[in-house]
Structure formats: structure tokens, C-alpha cells
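Given next are the chains, with one letter for each unit.
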Amino acid sequence: MNPPWRFGLLCSQTGVTARVETTQLNASLLAIEQLNQAGGVAGRLIEPLVCDPASNPKQFAAMAERLLNHGRARLLFGCYMSSTRKAVLPLVESYRGLLFYPTLYEGFEYSKHCIYTGAAPNQNSMQLARYLFGAYGRRFFFVGSNYVYPYESNRIMAELIRQAGGAVLDEIYVPLAPQPGDFEKAIRGIARTKPDVVFSTVVGEGTAMFHDAFHKAGFDPVRLPIASLTTGEAEVADMTPEAACGHVTAAPFFDILPGPAAAGFVSAYRARFGADAPVPAAAEAAYFQVMLAAKAIGQAGSDDPALVQAALAECEYDAPQGRVRIDRDNNHTYLWPRVARLNAAGRFELVWNARTPVKPDPYRVTQTLDGWPDDAVHQPPA
Ligand code: ACM
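Every value quoted in this text rests on a predicted model; they were computed, and no experiment measured them.

## Side note on the overall build of the protein chain
Along its length, the protein chain carries 12 helices and 15 strands. Over its C-alpha trace the protein chain gives a radius of gyration of 20 Å, about what one expects of a compact globule, namely 21 Å for 382 residues. C-alpha atoms of the protein chain, sized along the principal axes, occupy 65 × 40 × 40 Å. Within the protein chain, the fraction of its 382 residues that count as buried is 59%. In the protein chain, 69% of the contacts between residues at least 6 apart in sequence involve partners at least 24 apart.

So this is what it looks like as C-alpha cells:
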């Protein structure tokens, strides 16, 4: 057998975002195992090179360099926080590699050496904003972690709120690795200003702390939800159902999606990693991006990043969320936006569902909210 293709997996198993990044690692490994069981790609197996960069941008950069420097891997997969992607990209560019990035992010970026498979703001922020304005109101309170994604994501959400004639009542940032007491100021501000929606860009471990503090303060999530693009099944797994209830998010994938592709992925993941394992959108993107990369390698007959990228432009894949493909103009992915709310059992229920995939538009987030169709499921809070 020929030597294997080597895929560098940069997924933190320790640090503040370990919970969600571990799901990205697991989903990448699941895809690699399935491909290898089917004989590999172009007659060669795939060997995962697994790193733990500990949710730390410097360690991400050091490990990316170690992978790329000696030609150990030319294709890298992973990064959750935008700070880590931004630390890795200059290295990937200088070594002419290719990073597959499976996480929603703030947009306004293009690298020839990056394939973005998570949602851009026109594929999640806009749909979430539109649902929240209709179901709850337009007076928002922002709470976020102190790094680049929350500032930029809040800037985009604030623009959408202003377009709709609403208001941002306050904007508070907590440390990336917070203590429970770090949320007290936000809780006092929410009690004082009485917003319609709390928009959280808190990531990782702080998410459950924030929900716990919000629940203990006695806010009614039916009338005042926490909405967030960074609170998925992985973060919810660390909350009690009472603290999770009422939370609203937008993502292309939820673990409750009907249909054989989604159900098959969730059951294969849980058979491999545990019956109760959370399976968020971040994991689904990690899974399908490995499948897309393998398809492109198969077509190119090479893992040369430039050839893989050229082949990717012609590839489609029936992902658990629906058929996906990369937009050759901007290296982002056509995705299927959805909005969901957590019920009293801590399970997501769809409240809005796009009927068609949405073209990624990382630089044009100022487009208005008008013109979005009233698709499929669109339910007010119970
Ligand atoms: C993120 O930092 N892109 C969630």
C-alpha cells in the first residue's frame, strides 16, 4: 500500500473551548475512519496527526508550524476561536498549505489558503436577528468573551438592530476564562435595562456559568431569551435543562434534524463516542469538510494544496445538513441556515428552516433584512 495521506488535526482537547473542539476532533476522526474503512482515497489510507493546542493561539501557531515545516502535513483541519485561526493562517500561507476551518465566525476575511466551512454572518446572524425581532423585540443587551469574534459579531448584530430601528442597551465583555462572579455586572445590567433579548457571544466554559447566573437571577427565558451563535449542543451539555431552557440559536445543523443523512451521522457519532455525546454544528462541519477534502484529493490524485483547492471548486457533498459546496469566489461554503430554541428538556426545536442553501457572503453583511423569505417552520415562543 502507498504511504498514507496525512491530515493535521488542530483541535483543543484542553482549555476553555475544549468541549466543542473535542466534538470537532471526534467528527474529523469519524470521517477519516469511515473513509479508511472504505479503502481510503485514491488507494491510500488517511493518517490523522492529532495535536492539542490547548485553546491557546500561540500553541496553535507553534503546532501548525511543526506540522507544516517538515512536510508532515500540507492539509490542516480545525481551529474554533477566530483568534486561533488568525494565529495559524500566516503560517499556512507562508508554507503554501491549506486550512479547513469548521467554525462559524465573524466574516470579513478571505485567504487563498483557507476553506471556511462554518457559517458566515449572512448565514446565521441575519436569520437569528430576524427571528428575534419578530418573536421578542428589538432592544438588545450584549454579553461576550473578550476576544476578536465577540467584538466583530456584536458589531454586525448592532448594525442589523439599528437597521430595524432597535437599540443596543449595553455591551459587556468578560474574560475568556471567567469565574462565575465575572457575570454579576452583566446580570445587574440586564435587570436594570430590561432588554427584549440578551445576545451572548460568550464562548466555551463561560457559557454554562452565564446561563446559570441568568437562571439564578430569576429571568423568564420565555419572555427574555439568551440568544447566541456560540451556544450549541456542546455548551448546553454542561447546563441544567432549567438553565438552558428558552435559549435561541441559528446554525446549519442541529442534532435533532430529521432525515437519514443527519440521523445517520448522529447515530454513527454516538456509536463511536458515547450515547449521550453532544453533536453540534461545529462537529458536523468538521465531518463534512474531511469528506470534501477527501473527494478533492481523489479527483486531483494529490494532496498538493493548490490542486486540492482547484478540485474542491467542482465538488459537492451530501452533508448531514444537506448538500454543500464551496463557493469558488470566496472559499466559503453554501450552507442551510436554521433557527432553533431549547425546550424544557434542554433539546433544540426548529423554529425556522431555510428551504434552499444560502450562498456565503462574508463581505456583504450590511444587506438589509428585507427579502428573506418566510420559510417553512416559523413559530413564536410558546
Ligand atoms: C469564533 O471565534 N469564530 C467562534
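From this point, the narrative continues.
## Quick look at the packing of aromatic side chains
For the structure shown, the criterion picks out 18 aromatic pairs. Ring geometry for Phe77 and Phe100: centres 4.8 Å apart, planes at 10°, overall stacked. Of this pair, Phe77 sits in strand β3 (residues 75-78) while Phe100 is found in strand β4 (residues 98-101), placing the two residues 23 residues apart along the sequence. Here Phe77 matches Phe100 in class, with each residue buried. For the pair Tyr151 and Tyr173, a centre-to-centre distance of 3.9 Å together with 15° between the ring planes defines the contact as stacked. Taken together, the residues span a long stretch of sequence, with Tyr151 in helix α5 (residues 148-163) and Tyr173 in strand β7 (residues 167-174) at a distance of 22 residues. Linked through ring pairs, Phe253, Phe265, Tyr269, Phe273 and Tyr287 together constitute an aromatic cluster. Residue placement shows Arg325 over the ring face of Tyr334; its charged tip is 4.0 Å from the ring centre.

## Observations regarding the nonpolar core
When a protein is soluble and globular, its nonpolar side chains tend to lie buried together. If you look at the biggest cluster of nonpolar residues, it comprises 93 residues, and the most contacted ones within it are Phe7, Phe100, Leu128, Leu132, Phe140, Met157 and Phe265. The dominant element in this core, judged by the number of residues it contributes, is helix α11 (residues 281-300), at 14 residues. With residues near it in sequence (within four places) discarded, Phe100 still touches Leu75, Leu76, Phe77, Gly78, Ile115, Gln289, Ala293, Val308 and Leu312. Counting residues in hydrophobic clusters, the runner-up holds 22 residues, among them Met63, Leu76, Leu91 and Cys114.

## Regarding the pairing of β7
Where strand β6 (residues 139-145) lies against β7, 7 bridges are found, and the strand directions are parallel. Note on β7: the bridge partner recorded for Gly144 is Tyr173. Between the parallel pair β6 and β7, the chain is carried across by α5, and the sense of this crossover is right-handed.

## A few points about a nonpolar patch on the surface
Taken together, Phe108, Tyr110 and Tyr363 make up a surface patch of nonpolar side chains, about 300 Å² in accessible area. Mapping Phe108 onto the fold places it in the loop between β4 and β5 (114-116). According to the relative accessible area criterion, Phe108 is partly exposed, its value standing at 32%.

## Details of helix α4 (residues 125-135)
In terms of residue burial, α4 counts as a mostly covered element, since 9 of its 11 residues are buried. Regarding α4, the residues found buried are Ser125, Met126, Gln127, Leu128, Ala129, Arg130, Tyr131, Leu132 and Phe133.

## Quick word on the sheet that holds strand β12 (residues 322-326)
Strand order in this open sheet of 3 strands is β11-β12-β13, and the pairing throughout is antiparallel. On the outer flanks of this sheet lie β11 (316-319) and β13 (333-334), each paired with one strand and no other. Pairing of β12 with β13 involves 2 bridges; the strand directions are antiparallel. Residue Ile326 lies in a different strand from β13, and its bridge partner there is Thr333.

## Overview of the sheet that holds β5
What the 5 strands build is an open sheet, ordered β2-β1-β3-β4-β5; its pairing is parallel. Of all strands in the sheet, those bounded by a partner on one side alone are β2 (46-51) and β5. Between one strand axis and the next, the sheet turns through 25° on average, direction left out of account. Examined bridge by bridge, β4 and β5 share 3 bridges and lie parallel to one another. Residue pairing in the sheet places Tyr101 in a bridge with Tyr116 of β5. Lying over the sheet, helix α1 (residues 18-37) contacts β1 (5-10) and β2, oriented at roughly 165° with respect to β2. Those strands touched by helix α12 (residues 305-312) are β3, β4 and β5, and its axis lies near 45° from that of β4.

Basis of the calculations
- Residues numbered from 1 in each chain as written.
- Predicted model: local features only at pLDDT ≥ 70, side-chain atom pairs only at ≥ 80, totals over all residues.
- Heavy atoms only, no water.
- Helix = DSSP H or I, 4+ residues; strand = E, 2+ residues; numbered from the N terminus.
- Rg over C-alpha atoms; globule rule 2.2 N^0.38 Å.
- Buried < 20%, exposed > 50% of the residue type's maximum accessible area, 1.4 Å probe, protein only.
- Contact = heavy atoms within 4.5 Å.
- Phe/Tyr/Trp six-rings, centres within 6.5 Å; stacked < 30°, edge-to-face > 60°.
- Lys NZ or Arg CZ within 6 Å of the ring centre and 35° of its normal.
- Core = buried A, V, L, I, M, F, W, Y, C linked by side-chain atoms within 4.5 Å.
- Pairing = 2+ DSSP bridges.
- Right-handed = clockwise from strand over helix to strand, strands pointing away.
- Patch = residues over 30% accessible without salt bridge, like charges linked within 9 Å, V, L, I, M, F, W, Y side chains within 5 Å.
- Areas by Shrake-Rupley, 256 points an atom, 1.4 Å probe, with all protein chains shown as cover.
- Salt bridge = Lys/Arg side-chain N within 4 Å of Asp/Glu carboxyl O.
- Axes fitted to C-alpha atoms, helices over the stretch in contact; angles between N-to-C directions.

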